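Given next are the chains, with one letter for each unit.
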Amino acid sequence: MDKIKIKVYKTDKRLCGHVRLTPEAEKRLRMLQIETGLSARFLASQIILQAADDVEVEVEA
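Worth saying up front: this structure is predicted, and the values here are computed from it rather than measured. Throughout this description, residue numbers start from 1 for each chain and increase along the sequence as written. Only residues with pLDDT of at least 70 are given local features in this predicted model, and only at 80 or more are side-chain atom pairs given and counted; all residues enter the totals for whole chains, interfaces and linings. Hydrogens and water are ignored here; the side-chain numbers use all heavy atoms of the structure.

Chemist: Explanation requested: the overall build of the protein chain in the structure shown.
Modeler: Each helix and strand in the protein chain was counted, giving two helices and two strands. By the criteria applied, helices consist of DSSP H or I runs no shorter than four residues and strands consist of E runs no shorter than two, each listed in order from the N terminus. Each helix and strand of the protein chain, placed in order from N terminus to C terminus, yields the pattern β-α-α-β. Rg of the C-alpha trace for the protein chain: 14 Å, well past the compact-globule value of 10 Å for 61 residues, more than 25% over. If one aligns the C-alpha atoms of the protein chain with their principal axes, the spans along those axes are about 40 × 30 × 20 Å. A contact between two residues is defined here by any heavy atoms of the two lying within 4.5 Å. A sequence separation of at least 24 residues applies to 66% of the contacts in the protein chain between residues at least 6 apart. With residues, only the protein chains shown are counted as cover, and all accessible areas are computed by Shrake-Rupley using a 1.4 Å probe. Carbon and sulfur atoms make up 58% of the accessible area of the protein chain, which totals about 6,100 Å². The size measure is the radius of gyration over C-alpha atoms, and the globule rule it meets is 2.2 Å times the number of residues to the 0.38 power.

Chemist: Is there a simple way to think about helix α1 (residues 23-36) in this case?
Modeler: End to end, α1 covers 20 Å across 14 residues, agreeing with the expected 20 Å (1.5 Å per residue, within 8%). Just past α1, the residue glycine 37 takes up positive phi, approximately 80°. Expected helix span is taken as 1.5 Å per residue step, with the number of steps being one fewer than the number of residues.

Chemist: For this particular structure, what's the right way to read the pattern of salt bridges?
Modeler: Pairing is possible between side chains that carry opposite charge, provided their charged atoms lie close to one another. Salt bridges are identified by distance alone: a Lys or Arg side-chain nitrogen within 4 Å of an Asp or Glu carboxyl oxygen. Taken as a whole and judged by the stated rule, the model has two salt bridges. Residues arginine 28 and glutamate 24 are paired through a salt bridge, measuring 3.1 Å at the closest nitrogen-oxygen approach. Highlighted residues: arginine 28 and glutamate 24, both in helix α1, separated by four residues, approximately one helical turn. To sort residues, take the accessible area from a 1.4 Å probe on protein chains only and compare it with the maximum for the residue type: under 20% means buried, over 50% means exposed, and anything in between is partly exposed. Owing to a relative accessible area of 54%, arginine 28 belongs among the exposed residues under this scheme. A relative accessible area of 42% places glutamate 24 in the partly exposed class.

Chemist: So what exactly am I meant to see when it comes to a nonpolar patch on the surface here?
Modeler: Residues Met1, Ile4 and Ile6 make up a contiguous nonpolar surface patch of roughly 360 Å² in combined accessible area. For methionine 1, the location among the structural elements is in the segment before β1 (4-9). What makes methionine 1 exposed here is its relative accessible area of 91%. Patch membership needs two things, relative accessible area over 30% and no salt bridge, and members are linked within 9 Å if like-charged or within 5 Å if nonpolar (Val, Leu, Ile, Met, Phe, Trp, Tyr).

Chemist: Just to check I follow, could you spell out the environment of leucine 32 for this structure?
Modeler: Turning to its location among the elements, leucine 32 is positioned in helix α1. The class for leucine 32 is partly exposed, based on a relative accessible area of 30%. Contacts of leucine 32, omitting those with residues within four sequence positions, involve Gly37, Leu43 and Ile47.

Given below as structure tokens:
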């Protein structure tokens, strides 16, 4: 599988503790919750942790 490429701009390093999802991402997360019975927090965290190594970041100045 090819790496996922995301172009980003530098930001501060603070942790926010929450993120806002697009409507489509929220629908898919809710479907996973219904299918698994697991919390949105757990599912989103696991997806991010497991997919992080497959993301290639290109920093733009």
